[in-house]
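Fold and contact review
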There are 2 protein chains.
Amino acid sequence: MSTKLTSSVIEAWAGLVRTERAVSDRIEERLKNAGLPPLDWYHVLHEVDRSPKGMMRQSGVQSRTQLAQYNLCRLVDRLEGEGLVERHQCQVDGRNNVVVITAKGRALHRAMWPVYAAAIEEQFGARLSPAEAEQLAHLLARVAPV
Amino acid sequence: MSTKLTSSVIEAWAGLVRTERAVSDRIEERLKNAGLPPLDWYHVLHEVDRSPKGMMRQSGVQSRTQLAQYNLCRLVDRLEGEGLVERHQCQVDGRNNVVVITAKGRALHRAMWPVYAAAIEEQFGARLSPAEAEQLAHLLARVAPV
DNA sequence: TAGACACATATGCATCTGCATATAATGCAA
DNA sequence: TTGCATTATATGCAGATGCATATGTGTCTA
């Protein structure tokens, strides 16, 4: 079982989980209070909106958002139901869906960002100096599994 | 709306979310492959087991684990159903439940740790030098909302 | 001591998630 | 071309979660 697991690693991991949950919860709360949908909706809209022509293969959205396949599938169902995106079958490879953002989707994306941004700053950024933020970003970029 | 939100803060936040999700997912996978229950079960057992006499008020478990009240309530239902903990009404204040770990609960707690520990090391610790782990633990301790 | 409030826990219901598997299009080998 | 593995997406069902609110207990105050 030879664990080389040190206490700093355990503390770092525990801190990571705790911070992510606490900050995420508060961000979700802000969104809800502003009458906006959950963060996952934002992340999907964000990926599609920022990609060329506002369209992206569904599998691409999946790998960018790290959502489970069946989970993203049903989230796109909901977004489609709200008229925020459209699903088109890919001409080149009939297996793929292309998710296309609508004007309404772009509008929601734009409306969510200020609330999201303010919540990140308030719950997270404000607790870090610029140097610390950079250090943290750098460390996490190194540790993130590809 | 004056956001002072810098791009390092955004990167740090995105990295935090990505890392937490990816590593958690892989840890859950290891537990499942080992025929063990999800991480939340571990965290509850851990808090109760390590507290004096292996008992803790349910509200205490809640604040330690950061689980939602109704969520913890039903998780304790499940743990109780599996004979891993017992619920007793508190003698002093009838509103409180006291969650008491059973021998079976302790055994499961002990059985889960090696798998959990190995997964943390493999998915997380191994990607960090000792100095980086310490730095990360320190940064996250500062940023974690109380 | 009655009434109002606060606190800890529980629960009905709708929604969401995870799992296994289905459907459907593609590619590749014989 | 047929047959089989591969890739992308969807879905039935069981279980978990979020929300609002219920239940039961304690505390404080007039």
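On a predicted model such as this, the values are computed, not experimentally measured, just so you know. (Residues numbered from 1 in each chain as written. Chains lettered and ligands numbered in written order. Predicted model: local features only at pLDDT ≥ 70, side-chain atom pairs only at ≥ 80, totals over all residues. Heavy atoms only, no water.)

**Observations concerning the packing of aromatic side chains**
- Summed over the entire model, instances satisfying the criterion amount to eight aromatic pairs over all chains.
- Each member of the aromatic cluster is reached from another via a ring pair, and the members are A:Tyr42, A:Trp113 and A:Tyr116. (Phe/Tyr/Trp six-rings, centres within 6.5 Å; stacked < 30°, edge-to-face > 60°.)

**Focus: the protein's contact with DNA strand C**
- Around DNA strand C, the surrounding shell holds 18 residues, and the nearest of these are A:Tyr70, A:Arg74, B:Lys32, B:Gln69 and B:Arg87.
- Take the atoms of DNA strand C that sit within 4 Å of the protein: sugar and phosphate atoms are 67% of them.
- Between A:Asn71 and DNA strand C, the recorded distance is 2.9 Å, taken from a side-chain N or O atom to a phosphate oxygen.
- Between DNA strand C and B:Arg95, the relevant distance is 3.5 Å, taken from a sugar or linking oxygen to a side-chain nitrogen or oxygen of the residue. (Near = heavy atom within 4 Å. Polar contact = N/O pair within 3.5 Å; in protein donor to acceptor, adjacent residues only side chain to side chain.)

**Structural notes on the sheet that holds strand S2 (residues 85-89) of chain B**
Residues and elements named next belong to chain B.
- Strand order across the open sheet formed by three strands is S1-S3-S2, with antiparallel pairing between neighbours. In the strand order of this sheet, the two ends are held by strand S1 (55-57) and S2, each with one partner. With direction set aside, neighbouring strand axes in the sheet form an average angle of 25°.
- Bridging between S2 and strand S3 (residues 97-101) involves five bridges; their strand directions are antiparallel. Its bridge partner lying in S3, glutamate 86 is registered against valine 100.
- Of the strands in this sheet, S1, S2 and S3 are in contact with helix H3 (residues 58-65), which crosses S1 at around 85°. (Pairing = 2+ DSSP bridges. Helix = DSSP H or I, 4+ residues; strand = E, 2+ residues; numbered from the N terminus. Axes fitted to C-alpha atoms, helices over the stretch in contact; angles between N-to-C directions. Contact = heavy atoms within 4.5 Å.)

**Topic: the protein's contact with DNA strand D**
- Taken together, 19 residues lie near DNA strand D, and A:Lys32, A:Gln69, A:Arg87, B:Tyr70 and B:Gly94 sit nearest.
- Among the atoms of DNA strand D lying within 4 Å of the protein, the sugar-phosphate backbone contributes 67%.
- Separating a phosphate oxygen of DNA strand D from a side-chain N or O atom of A:Gln58 is a distance of 2.9 Å.
- At the level of elements, helix H3 (58-65) and helix H4 (69-81) of chain A together with helix H4 (69-81) of chain B are the ones that each hand at least two residues to the surface near DNA strand D.
- When grouped by side-chain class, the residues that make up the surface near DNA strand D number three nonpolar, eight polar and eight charged. (Nonpolar A, V, L, I, M, F, W, Y, C, P; charged D, E, K, R; others polar.)

**Here we look at the side chain of B:Thr65**
- With respect to the secondary-structure elements, B:Thr65 resides in helix H3.
- Residue classification places B:Thr65 among the buried residues on the basis of a relative accessible area of 9%.
- Among residues more than four places away in sequence, those in contact with B:Thr65 are A:Arg21, B:His43, B:Val44 and B:Glu47. (Buried < 20%, exposed > 50% of the residue type's maximum accessible area, 1.4 Å probe, protein only.)

**Observations regarding the pairing of S3(B)**
Residues and elements named next belong to chain B.
- With four of its five residues buried, S3 lies for the most part within the structure.
- Here S1 runs beside S3; their pairing, made up of three bridges, is antiparallel. Looking across to S3, one finds that methionine 55 is bridged to valine 100.

**Regarding the pattern of salt bridges**
- Applying the stated criterion to the full structure yields 20 salt bridges over all chains.
- A salt bridge links B:Lys4 to A:Glu121, with the shortest nitrogen-to-oxygen separation between them at 3.9 Å. Note that B:Lys4 is positioned in the segment before helix H1 (7-33) and A:Glu121 in helix H5 (residues 103-123), a pairing that runs across two chains.
- Beyond isolated ion pairs, a larger network of salt bridges with shared partners links A:Glu47, A:Arg50 and A:Arg64. (Salt bridge = Lys/Arg side-chain N within 4 Å of Asp/Glu carboxyl O.)

**Points about the interface of chain A and chain B**
- With 49 residues of chain A in contact, the opposing surface of chain B contributes 50 residues.
- Carbon and sulfur atoms supply 70% of the area buried between chain A and chain B, which totals about 5,000 Å² over both sides.
- The partner of B:Arg21 in a salt bridge is A:Asp40, and the shortest N-O contact between them spans 3.6 Å.
- Summed over the shared surface of chain A and chain B, the number is six residue pairs in polar contact (both at pLDDT 80 or more).
- When residues of the side of chain A that touches chain B are traced back to their parent elements, those giving at least two are helix H1 (7-33), H5 and helix H6 (130-143) of chain A. (Buried area = accessible area lost by both parts, 1.4 Å probe.)

**So, the relation of the copies chain A and chain B**
- Between chain A and chain B, the superposition needs a rotation of 180° and an axial shift of 0.0 Å, giving an RMSD of 0.1 Å. Both chain copies can therefore be described as sitting about a two-fold axis.
- Both copies contact each other with a shared surface, as 100% of the interface residues of chain A are interface residues in chain B too. (Least-squares fit on C-alpha atoms with pLDDT ≥ 70 in both.)

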